[in-house]
Amino acid sequence: MYGARVADGGSDGRPVGVVSGDPRHTRAVRQLRQAYEALPPDAPIRLAKRTSNLFRFPRARERGQRGSGGARETQRGLDVSGLDQVLAVDPAARTAEVQGMATYETIVDATLAHGLMPLVVPQLKTITLGGAVAGLGIESSSFRNGLPHESVRELEVLTGDGRVVVATPSNEHAGLFHAFPNSYGTLGYSLRLVIDLEPVKPFVRLRHLRFATAEQCLDVMAQICTEGRHEGEPVDFVDGTVFSPDEQYITVGSFVNEAPAVSDYTGMGIYYQSIRQRAEDWLSIRDYLWRWDTDWFWCSQAFGVQRSAVRRLWPRRYRRSDVYRRIVAFDRRHQLTARLARARGRRPDEAVVQDVEIPIEATAKFLDVFHRDVGISPIWLCPLRLRSAQPWPLYPLEPDELYVNLGFWSSVPLSAGQADDHHNRLVEDEVHALGGHKSLYSTVHYAEDEFWQRYNGAAYHTVKAVYDPNRRLPDLYDKVRG
Ligand SMILES: Cc1cc2nc3c(=O)[nH]c(=O)nc-3n(C[C@H](O)[C@H](O)[C@H](O)COP(=O)(O)OP(=O)(O)OC[C@H]3O[C@@H](n4cnc5c(N)ncnc54)[C@H](O)[C@@H]3O)c2cc1C
C-alpha cells in the first residue's frame, strides 16, 4: 500500500498539497492542479468525465454550454482521465487504495483477484468510487454494510479553492470528510480513497421468495435483515422486486463455495425475469455483482433488447447500463421522444426516475400510494442500515433504523391540469411525510428553503465556506434543482 505524505504548503493562499506515494497518482494530481491553476480565477470548475450515472440532464439554459456530470463533457472541465486506477490492494489489511474516478468494474476486477470485494458494490459498472461517495450508492449488502462512503478510511480531495487535502474521520479535515457524502462534487473532487474490503466466496446462492402483499414481504425482510439469516442459513445479500401490488419478491443471497449449476444472464436469459421463474439459483460472485447491469435492471426493455430477435443481434459487449444511458442522454438532449409526442398531438410523459429511502415500517404505506398515484413497475427494493453510529450530515438517515431504498425509473402520462412535475412532487411529498429521504442523482423539485431544511443547509454552508469560499464549484441546490 502506498502511503500518502503531506507536501509543504504555502502561506500565501496557494494550494497546499497532499500526495500519494504512487508515481502514477503523483503525476495525475500534478497535471490536475496545473489544469486548475490554468483556469481563469472567476471561471466555474466542472468535472470532465467520460461516463456518468446521473439522471439530471442539462437545463435548457445550460444546453449548448456542456454540463458537468451530465451526458456531455465540459469545455472548461478538469480532465480526470489519469485518476481511474486501483493503486493497491492490501489483502492482509483488507483495504484498497483507489483513485476517485476508478469505476466499480475496475475495482471489482482488482479486488476479486484477491478474493475480496468492496463492502458495497453499486450495481452499475461505470459508477465510480468518487461518484458513489459524493453522490451515494447502495446495494444488497447495505443491510449489513451501510452505504459506500461508510467504508472509506481516507479521502484525498481537490477542494473548490484548489488545495489538495487528505480528510479522515478524525483529522483537521474531518468536517469535509463527513460532509462529502451527498455533496455531489460541490465541495471538491475526491482523487484517492482508501476503502475497506471483505472476503468473498466463488458463488452466491439465491432464493427468490414470493409474497402476495407488501406488508408480508416487508415483515419478512425486516426479520431477515435483523437476524442475518433465513431458514437457518446465513444471508449475505438482500434485495427485492415489486412487480405489482400482489406480486413481490425478496431475493436473499448467500456466499457458497460450490454450486450445482451456475446461471448466466449476460446472454439470452434476463435476470429480473428469472426472479419470477425460479425459486432458487446460483451465480458466480462476479455475475451476481453485475446481475442488474446487463439490462439496467429492467430498463433495457425500452430499447427492445429483451425481445429475443433484437437481443440476438445486440452485441453482448453493448448489453451494459452505460450504453443504454448514453442512448437516453442523446434522446433527452435532442428531445426526440418529446418532439415525437408533440408531433402526434400528445403531451410528453413525465420522467419519474428516483431512488428514495423510507423507514421499513412505513414502506408498505408508500407502496400503496405509489401504486395508486404513480403506477410504475417493477420497483426495486433494497434494505439498508447505517454502518456508522452517527448520522452523516448531508443525508441524515438515523443510525439503527432499517430503511428500504425504493428505485423506480420510468415515465408516466400526465392528465389535463397536472403540472409537468406532478408525479415527482407527489413522490417527494410522500417521502417527506413518511420520514424518508430522496437521493439527489435525479432532479429535485423542492423549493430552496424546503431543500435546505431536508439536506442540512447549515452544515453544508459551514463546510462550503471553508473549502470553496469563492464558489468556484456550483452550489448543491443550484446543481440539483429542476
Ligand atoms: C437509473 C439509475 C439507477 C441508479 N441506481 C443505483 C443503485 O441501484 N445503486 C447505486 O448505488 N446507485 C444508483 N444510482 C445512482 C448513482 O450511484 C449515483 O448517481 C452516483 O453518484 C453516480 O456515480 P458516477 O461515478 O457515475 O458519477 P457521475 O454520474 O459522473 O457524477 C455524479 C455526481 O457526483 C459528482 N462526482 C463524480 N465523481 C466525483 C468525485 N470523484 N468527487 C466528487 N464528486 C464527484 C459529479 O460532479 C456529479 O455531481 C442510480 C442512478 C440511476 C440514474
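Above this text sits the structure in question.
Quick question: what am I supposed to make of the nonpolar core here?
Among soluble globular proteins, nonpolar side chains are generally buried collectively. Counting 85 residues, the largest nonpolar core has Leu155, Leu176 and Phe451 as its most contacted members. Aside from chain neighbours lying at most four places away, what touches leucine 176 is Val157, Thr159, Val165, Ala167, Leu187, Val463 and Tyr467. Of all hydrophobic cores here, the second largest spans 37 residues; its members include Met221, Ile376, Leu402 and Val404.

Is there a simple way to explain the packing of aromatic side chains in this structure?
The geometry of an aromatic ring pair comes down to the distance between the two centres and the angle between the two planes. Applying the stated criterion across every chain yields a total of 26 aromatic pairs. Between tryptophan 292 and tryptophan 298, the ring centres sit 5.6 Å apart and the planes meet at 85°, which makes this aromatic pair edge-to-face. Across the pair, tryptophan 298 and tryptophan 292 agree in class, each one buried. Three or more aromatic residues joined by ring pairs form one cluster here, namely Phe243, Tyr249, Tyr265, Tyr271, Tyr272, Trp292, Phe297, Trp298, Trp380 and Trp409. Note that arginine 472 overlies the ring of tyrosine 36, its terminal NZ or CZ placed 5.1 Å from the centroid.

Got a minute to help me understand the packing of helix H6 (residues 214–227) against helix H12 (residues 360–373) in this structure?
Axis angle and axis distance: for two packed helices, these are the angle between their axes and the distance between the axes, and together they describe the pair. Between H6 and H12, whose axes approach to 9 Å, the crossing angle comes to 160°. Regarding the angle of H6 to H12, the classification is roughly antiparallel. The crossing of H6 and H12 is right-handed. Contact residues: H6 offers Ala214, Glu215, Leu218, Met221 and Ala222, while H12 offers Ile360, Thr363, Ala364 and Leu367. Its residues assigned to classes, the contact of H6 with H12 comprises seven nonpolar, one polar and one charged.

Is there a simple way to think about the site of the ligand in this case?
The full set close to the ligand counts 32 residues, and Lys49, Ser52, Gln123, Thr128 and Ile138 are the nearest of them. Taking isoleucine 138, its main chain carries an N or O atom lying 2.6 Å from an oxygen atom of the ligand. Within the backbone of serine 190, an N or O atom sits 2.9 Å from a nitrogen atom of the ligand. Contact with the protein chains removes 98% of the 950 Å² of surface that the ligand exposes when unbound. A total of four residues in the shell around the ligand trace back to one element, the largest contributor, which is helix H3 (residues 129–135). Partitioned by chemical class, the residues of the shell around the ligand number 16 nonpolar, 14 polar and two charged.

The rules behind the values
- Residues numbered from 1 in each chain as written.
- Predicted model: local features only at pLDDT ≥ 70, side-chain atom pairs only at ≥ 80, totals over all residues.
- Heavy atoms only, no water.
- Core = buried A, V, L, I, M, F, W, Y, C linked by side-chain atoms within 4.5 Å.
- Buried < 20%, exposed > 50% of the residue type's maximum accessible area, 1.4 Å probe, protein only.
- Contact = heavy atoms within 4.5 Å.
- Phe/Tyr/Trp six-rings, centres within 6.5 Å; stacked < 30°, edge-to-face > 60°.
- Lys NZ or Arg CZ within 6 Å of the ring centre and 35° of its normal.
- Axes fitted to C-alpha atoms, helices over the stretch in contact; angles between N-to-C directions.
- Helix = DSSP H or I, 4+ residues; strand = E, 2+ residues; numbered from the N terminus.
- Parallel < 35°, antiparallel > 145°, perpendicular 65-115°, else oblique.
- Left-handed = near helix turned anticlockwise from the far one by under 90°.
- Nonpolar A, V, L, I, M, F, W, Y, C, P; charged D, E, K, R; others polar.
- Near = heavy atom within 4 Å.
- Polar contact = N/O pair within 3.5 Å; in protein donor to acceptor, adjacent residues only side chain to side chain.
- Areas by Shrake-Rupley, 256 points an atom, 1.4 Å probe, with all protein chains shown as cover.

Taken by themselves, the reported measurements are silent on function.
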